Amino acid sequence: QVQLVESGGGLVQAGGSLRLSCAASGRTFSSYFMGWFRQAPGMERDLVTAITDGGSTYYADSVKGRFTISRDNAKNTVYLQMDSLKPEDTAVYYCAARRYSISSSSKDYDYWGQGTQVTVSS
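Residues numbered from 1 in each chain as written. Predicted model: local features only at pLDDT ≥ 70, side-chain atom pairs only at ≥ 80, totals over all residues. Heavy atoms only, no water.

Q: So what exactly am I meant to see when it comes to the packing of aromatic side chains here?
A: Each aromatic ring pair is summarised here by two numbers: the centre-to-centre distance and the angle between the ring planes. According to the stated counting rule, one finds five aromatic pairs in the structure shown. A connected cluster of aromatic rings, assembled from ring pairs, spans Phe37, Tyr94, Tyr109 and Trp112. Geometry around Tyr109 places Arg98 over its ring, the cationic atom sitting 5.8 Å from the centre. Lying across the ring of Tyr32, Arg99 places its NZ or CZ 4.7 Å from the centre. (Phe/Tyr/Trp six-rings, centres within 6.5 Å; stacked < 30°, edge-to-face > 60°. Lys NZ or Arg CZ within 6 Å of the ring centre and 35° of its normal.)

Q: Sorry if this is basic, but what is going on with the pattern of salt bridges here?
A: Proximity of charged atoms lets side chains of opposite charge pair with each other. Taken as a whole, this structure holds three salt bridges when the rule is applied. We note a salt bridge from Arg38 to Asp89, for which the minimum N-O separation is 2.9 Å. Placement of Arg38 in strand β4 (residues 33-39) and of Asp89 in the loop between β8 (77-82) and β9 (91-98) is noted, with a sequence separation of 51 residues between them. With its nearest N and O atoms 2.7 Å apart, the salt bridge here joins Asp89 to Arg66. Here Asp89 is found in the loop between β8 and β9, whereas its partner Arg66 is found in the loop between β6 (57-59) and β7 (67-72), with 23 residues between them in sequence. We classify Asp89 as buried; its relative accessible area is 0%. (Salt bridge = Lys/Arg side-chain N within 4 Å of Asp/Glu carboxyl O. Helix = DSSP H or I, 4+ residues; strand = E, 2+ residues; numbered from the N terminus. Buried < 20%, exposed > 50% of the residue type's maximum accessible area, 1.4 Å probe, protein only.)

Q: Teacher, can you tell me more about the state of the cysteines here?
A: Note on terminology: disulfide describes a covalent bond linking the sulfur atoms of two cysteines. Going through the model one piece at a time under the given rule, you end up with one disulfide. Shown here is the disulfide that connects Cys22 with Cys95, its sulfur atoms set 2.0 Å apart. Taking the torsion about the sulfur-sulfur bond, which here is approximately 50 degrees, the covalent link between Cys22 and Cys95 counts as right-handed. Remark: Cys95 occurs in strand β9 and Cys22 occurs in strand β3 (residues 18-24); sequence separation between them is 73 residues. Cys95 shares its class with Cys22; the two are buried. (Disulfide = S-S within 2.5 Å.)

Q: Is there a simple way to think about the side chain of Thr116 in this case?
A: Its place among the elements puts Thr116 in strand β11 (residues 116-121). Of the polar contacts made by the side chain of Thr116, one reaches the backbone nitrogen of Gly9; its length is 3.2 Å. Ignoring sequence-local partners within four residues, the contact set of Thr116 consists of Glu6, Ser7, Gly8, Gly9, Leu20, Ala91, Val92 and Tyr93. (Polar contact = N/O pair within 3.5 Å; in protein donor to acceptor, adjacent residues only side chain to side chain. Contact = heavy atoms within 4.5 Å.)

Q: Looking at this model, I keep getting lost on the nonpolar core. Mind explaining?
A: Across soluble globular proteins, nonpolar side chains have a tendency to be buried as a group. If you look at the biggest cluster of nonpolar residues, it comprises 29 residues, and the most contacted ones within it are Leu4, Met34, Trp36, Phe67, Val78, Met82 and Tyr93. When residues of this core are traced back to their parent elements, those giving at least two are β3, β4, β5 (46-51), β7, β8, β9 and β11. Judged by nonpolar contacts, the second largest core, of five residues, contains Phe37, Leu47, Ala50 and Tyr109. (Core = buried A, V, L, I, M, F, W, Y, C linked by side-chain atoms within 4.5 Å.)

Q: Please explain the sheet that holds β7 as it appears in this structure.
A: Spatially, four strands are ordered β1-β3-β8-β7 in an open sheet, and the strand pairing comes out antiparallel. Of all strands in the sheet, those bounded by a partner on one side alone are β1 (4-7) and β7. Strand-to-strand twist across the sheet, computed as the mean angle between neighbouring axes with direction ignored, equals 15 degrees. For β3 and β8, the ladder comprises six bridges, and the chain directions are antiparallel. Pairing of Leu18 across the sheet is with Met82, part of β8. (Pairing = 2+ DSSP bridges. Axes fitted to C-alpha atoms, helices over the stretch in contact; angles between N-to-C directions.)

This is the structure in structure tokens:
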């Protein structure tokens, strides 16, 4: 069982930066593949970025070059550094965990955080 708690959301102007954190419970955090999803009102929950247990990363085209995912297994935490934010990045951001591989489908993830709101003003 893994419990995830996100933090770090907030209101920022376009062009600004935010850093999200996702703290995980459990002794096997290092073996999980971690993803950050986002969901805007009326939209589906989409994968933004993910990181494997070995540190390989995936980014959606819309955030490449602006967002960076990282993990600190000693702290059981995954981070999302978001730079050059745009109004279209506004959404609730969720971290999620699964075993064995990265998936772009939210249905494939076993554990979810409660979400943190990111609002980017123009």
